[in-house]
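Fold and geometry: a report
Next come the chains, spelled out residue by residue.
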Amino acid sequence: MSDVLSGRCMCGGVRYVVDGPARDVWNCHCDRCRRWTGHFTAAAGCRRDDLRLISEETLAWYHPVEHPDVAYGFCRECGSSLFWKVVAVPPGEPQDKLNTIEIWAGTLDPPTGLSTELAIYADDASDYHALDTNIEIHAREQPK
């Protein structure tokens, strides 16, 4: 966990600071993450209240029609993928997902002090990719 993180998109149109603790990196191999990033997603996480946008003029959000419960943040100038968040939780499910946001680890300024701890949706990993067997691997999502 790190307490001081900052990051940005490639062109600098979106800049952010994390003013609180961040979760270590999870690799997500689900179909949506692979298509959004062109590989798999390596993402740290934090409380939404701890993510402070320093510059957001070029930040845009994509809401997939087939998955309206989530949103992907990106820079509309340079195209950098930056964030992922849950925007709606079905009734009866834990609402705490609305309090967190995922940050694409590649947009963080080093040193991050973070490490990769987990791979999720490993069953969806593309055939060209070898999973890192040095980290915990889950066939689908992380167990509750």
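About the thresholds
Residues numbered from 1 in each chain as written. Predicted model: local features only at pLDDT ≥ 70, side-chain atom pairs only at ≥ 80, totals over all residues. Heavy atoms only, no water. Helix = DSSP H or I, 4+ residues; strand = E, 2+ residues; numbered from the N terminus. Pairing = 2+ DSSP bridges. Core = buried A, V, L, I, M, F, W, Y, C linked by side-chain atoms within 4.5 Å. Buried < 20%, exposed > 50% of the residue type's maximum accessible area, 1.4 Å probe, protein only. Contact = heavy atoms within 4.5 Å.

Another point: the environment of P21. With respect to the helices and strands, the residue P21 is situated in the loop between β2 (14-18) and β3 (23-28). Spatially, the C-alpha atom of P21 lies 7.7 Å from that of V4, the residues being 17 residues apart in sequence.

Strands sit in the order β6-β7-β8-β9-β4-β3-β10-β11 across an open sheet of 8 strands; the sheet is mixed. Because the sheet does not close on itself, it has two edges, and the strands there are β6 (59-62) and β11 (136-137). Sheet topology note: the strand β4 (residues 41-47)/strand β9 (residues 100-104) ladder contains 5 bridges and is antiparallel. In the sheet register, G45 faces β9, and the bridge partner there is E102.

A few words now on the nonpolar core. Core analysis: the biggest nonpolar cluster contains 19 residues, and L51, F83, I103 and L108 have the highest contact counts within it. Within the residue set of this core, elements represented by two or more residues are β2, β4, β8 (81-86) and β9. Apart from residues lying up to four places away in sequence, L51 is in contact with Y16, V17, V18, C46, F83, I101 and I103. If you look at the next biggest cluster of nonpolar residues, it comprises 7 residues, including C28, C33, I120 and Y121.

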